[in-house]
Amino acid sequence: MNAVEVTGLEKSYGKVDAVKGVSFEVAHGEVFGFLGPNGAGKSTTISMLCTLINPTGGSARVAGHDVVKERDEVRRNIGLVFQDPTLDSYLTAEQNLRFHAELYGVPRSVVDERLRQVMEMVALWDRRDSKVQTFSGGMKRRLEIARGLLHSPRVLFLDEPTVGLDPQTRSAIWGYINELRRTEDITIFMTTHYMDEAEYCDRIAIIDHGEIVVIDSPEALKASVGKDRVQIHTSDDQAAIAALKERFDVDAGVHDGAVTFAVASGEEFVPRLFAELGLPITGVSVHRPTLDDVFMNYTGSTIRDAEEESGGMNQMMRARLRR
Amino acid sequence: MTATEIAAVRLPTGGLAHDVRAVKVVLRREMLRFVNDHTRLVSSLAQPILFLFVLGTGLGSIVKNAIPGLDYRTFIYPGVLAMTVITTAMFSAASIVWDREFGFLREMLVAPVSRGAIVLGKCLGGALVATAQGVIILAMAGLVGVPYDPVLIVTLLAEMLLAAFTITAFGTLLAAGMKNMQTFFGIMQMAIMPMIFLSGAMYPLANLPAWLHVLTVINPLTYAVDPMREAVFGHLTVDPQVMALLNPGINWFGWRLPVWFELVIVAVIGFVLLQLAIARFRRTE
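Residue numbers run consecutively from 1 along every chain, following the written order of its sequence. Note on labels: chains are lettered from A, ligands numbered from 1, in written order. Two thresholds apply to this predicted model, a pLDDT of at least 70 for residue-level local features and 80 or more for giving and counting side-chain atom pairs, whereas whole-chain, interface and lining totals are computed over all residues. Only heavy atoms go into the side-chain values, all of them from the structure, while hydrogens and water stay out.

You'll find chain B entered in an unreviewed UniProt entry as Transport permease protein, with Herbidospora galbida given as the organism. What the UniProt record of chain B gives under Sequence similarities (unreviewed entry) is the line "Belongs to the ABC-2 integral membrane protein family." UniProt positions are given in the numbering used here, feature names are shortened, and annotations may be inferred rather than shown by experiment.

Chain A is annotated in an unreviewed UniProt entry as ATP-binding cassette domain-containing protein of Herbidospora galbida. Annotation of chain A in UniProt includes, under Sequence similarities (unreviewed entry), the sentence "Belongs to the ABC transporter superfamily. Drug exporter-1 (DrugE1) (TC 3.A.1.105) family."

So this is what it looks like as structure tokens:
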């Protein structure tokens, strides 16, 4: 049985379609990533899967239960780590976790053992008696992960688990996730807009403007692009784009402030470029395919472009989701 | 993928026992918050003490001759008791808005537990906290000439608990739709001050002009204050005339309501408000 099964899931707010009929499955034991710019519909989708908001169309099953009709069953089987903190900062770390155990009805006989286990995993056992308000952002996020695991969920949802954290904490969190897939019988569903993090997933779905563009493993996606990305800096970008089209039959565009295009073999192309472009080039860089390129290949823009474009929309979504 | 050495947790599927656990933990958190928050404890005591000893003493010197044999402070004591409980209960309800602002409400609302258990836990917690605050004022009874009679103390405690529960339910219903503290406190001030002023906490309900009489009778808080006053006056030795003047009870077209009936009114209002608050949380999640 799949851990998550989604069929034609939709969510609209009035005239705005935040999620436009997405369908996918997540296999049992998989680490599945939702990759897309802010405002692409990631958080809306995850909120529907977690029974926080009701879909306006389609259906979804999580851990074998329908997210609308069997809401409490779904909730019993999932763990959640939100983008925004949801800890009581006036309570200690342990009090926060004990509150969670009671609320989820964790059997009393296992609470102590499980509590210690999850707190040791995120290296906060020594700080269990400290109030959460004395914790750094990274420690809070680690505590939230421990809390999300306390009731042994079958599916753990992580909404942007590493956003706003320092690189050290980010890699620590990835360490826990890798440890989890070894030690626990769990499926992990996460959203991210960091390309380098999506690489850790077994499979990723690229989502843009509320639609899934492609789903595959990171390797397969990179192989599907197959081309190197070349970025050049010139004094006249428009003339450079025109010249590229005319002399090399290459479609280029301006992304991240540089003329960007894809060619089969970048290293061999660059010498020709300098010889034949007929314009002064002030800088050049060649990249092997990355998930950035995959994203660009499938959506026609880099993730940063997409975020700037949808910034306003994202603000609105977040405001709606925050309750 | 075997889960060796892992304390595998199997959650029971709902049921009353789970709901009771949820009510208890939400309640316990309210108590913990109250015990840890010393500023709140002190600040919500300042107001009743000012009313009782400063306003009570000041006004008392004017009205001294009008009420022979009774200190004005003794008269307003049950009113101040009610006021303490009401203000603290409203503050407790405010914690829901606070929880929403800081995200913790979400942690509660995504749990596999009924909304009813969470709202009930909040209201019971608020009621206990408010009653605990009232106990401090209760301890000062001797300073204003109210006897420390065990029956009186138990009666007042029960009445405070009931009033506090109803007010917390009211506050929770208000808080259900609020997104920030400023709005809540604004609305709270607007609701609480007129309700206290129109409840007979500061003045007797006898011989009022018709408009004020009507307003006091339709004010639900009046039904929470009067039982406390009746309880206190039941344990004082005062002239029958003064008693009639200061403790006239609540009258509906000349019929004096029995205390038990007033308490039933408060309980029914509390129950209805609680149901409305639960319904509100079911809708807004």
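1. A look at unusual backbone geometry
At A:Asp256, a residue that is not glycine, the phi angle is positive and equals roughly 50°. Residue position: A:Asp256 is located in the loop between strand S12 (253-255) and strand S13 (258-263). Positive phi outside glycine occurs at B:Asn207, with the angle close to 55°. Only DSSP runs of H or I reaching four residues or more are called helices, and only runs of E reaching two or more are called strands; each is numbered from the N terminus. Mapped onto the elements, B:Asn207 comes out in the loop between helix H7 (181-197) and helix H8 (210-218).

2. Quick look at the packing of aromatic side chains
All names here are of chain A. Stacked, tilted and edge-to-face are the three classes assigned to paired rings of Phe, Tyr and Trp, where Trp is represented by its six-membered ring and a pair needs centres within 6.5 Å; plane angles under 30 degrees give stacked, over 60 edge-to-face, the rest tilted. What the rule picks out here adds up to 22 aromatic pairs over all chains. Aromatic side chains Phe-32 and Phe-34 sit 6.2 Å apart centroid to centroid with 45° between the ring planes, which places their arrangement in the tilted category. As far as burial versus exposure is concerned, Phe-32 and Phe-34 are alike and both buried. Positioned above the aromatic ring of Trp-125, the side-chain terminus of Arg-128 is 4.0 Å from the ring centre. When accessible area is computed with a 1.4 Å probe and restricted to protein chains, residues below 20% of their type maximum are described as buried, those above 50% as exposed, and intermediate ones as partly exposed. Comment: the charge-over-ring label is applied if NZ (Lys) or CZ (Arg) is within 6 Å of the ring centre and within 35 degrees of the ring normal.

3. Regarding the UniProt feature "transmembrane region" (unreviewed entry) in chain B
Following the UniProt record, one finds the feature "transmembrane region" (unreviewed entry) at residues 41-63, 75-98, 119-145, 151-176, 183-206 and 259-279 of chain B. The annotated region residues 75-98 of chain B carries 100% helix and 0% strand content, and the separation between its end C-alpha atoms amounts to 36 Å.

4. Observations regarding the domain arrangement of chain A
Segment limits for the domains were obtained from an automatic or database-derived domain assignment. Partitioning chain A into domains gives domain 1 (2-222) and domain 2 (227-287). Taking only C-alpha atoms, the centre of domain 1 of chain A and the centre of domain 2 of chain A are 41 Å apart.

5. Describing the interface of chain B and chain A
Throughout, a residue-residue contact means that at least one pair of heavy atoms, one from each residue, lies within 4.5 Å. Taken together, the 42 residues of chain B in the interface contact 44 residues of chain A. When two parts are put together, the accessible area they lose, computed with a 1.4 Å probe and summed over both, is reported as buried area. Taken together, the two surfaces of chain B and chain A that pack against each other cover about 4,100 Å², and 56% of this comes from carbon and sulfur. The partner of B:Arg29 in a salt bridge is A:Asp88, with the nearest N and O atoms 2.6 Å apart. Identification of polar contacts relies on pairs of N or O atoms within 3.5 Å, with a donor-acceptor requirement for protein atoms, meaning one able to donate a hydrogen and the other able to accept it, and with residues adjacent in sequence counted only if both atoms are side-chain atoms. The interface formed by chain B and chain A holds 10 residue pairs in polar contact (both at pLDDT 80 or more) in total. Salt bridge, as used here: a side-chain nitrogen of Lys or Arg that lies within 4 Å of a carboxyl oxygen of Asp or Glu.

6. Quick notes on the UniProt feature "domain: ABC transporter" (unreviewed entry) in chain A
With numbering matched to this structure, UniProt assigns "domain: ABC transporter" (unreviewed entry) to residues 4-234 of chain A. The distance from the first to the last C-alpha atom of residues 4-234 of chain A is 48 Å, and the span holds 35% helix and 29% strand.

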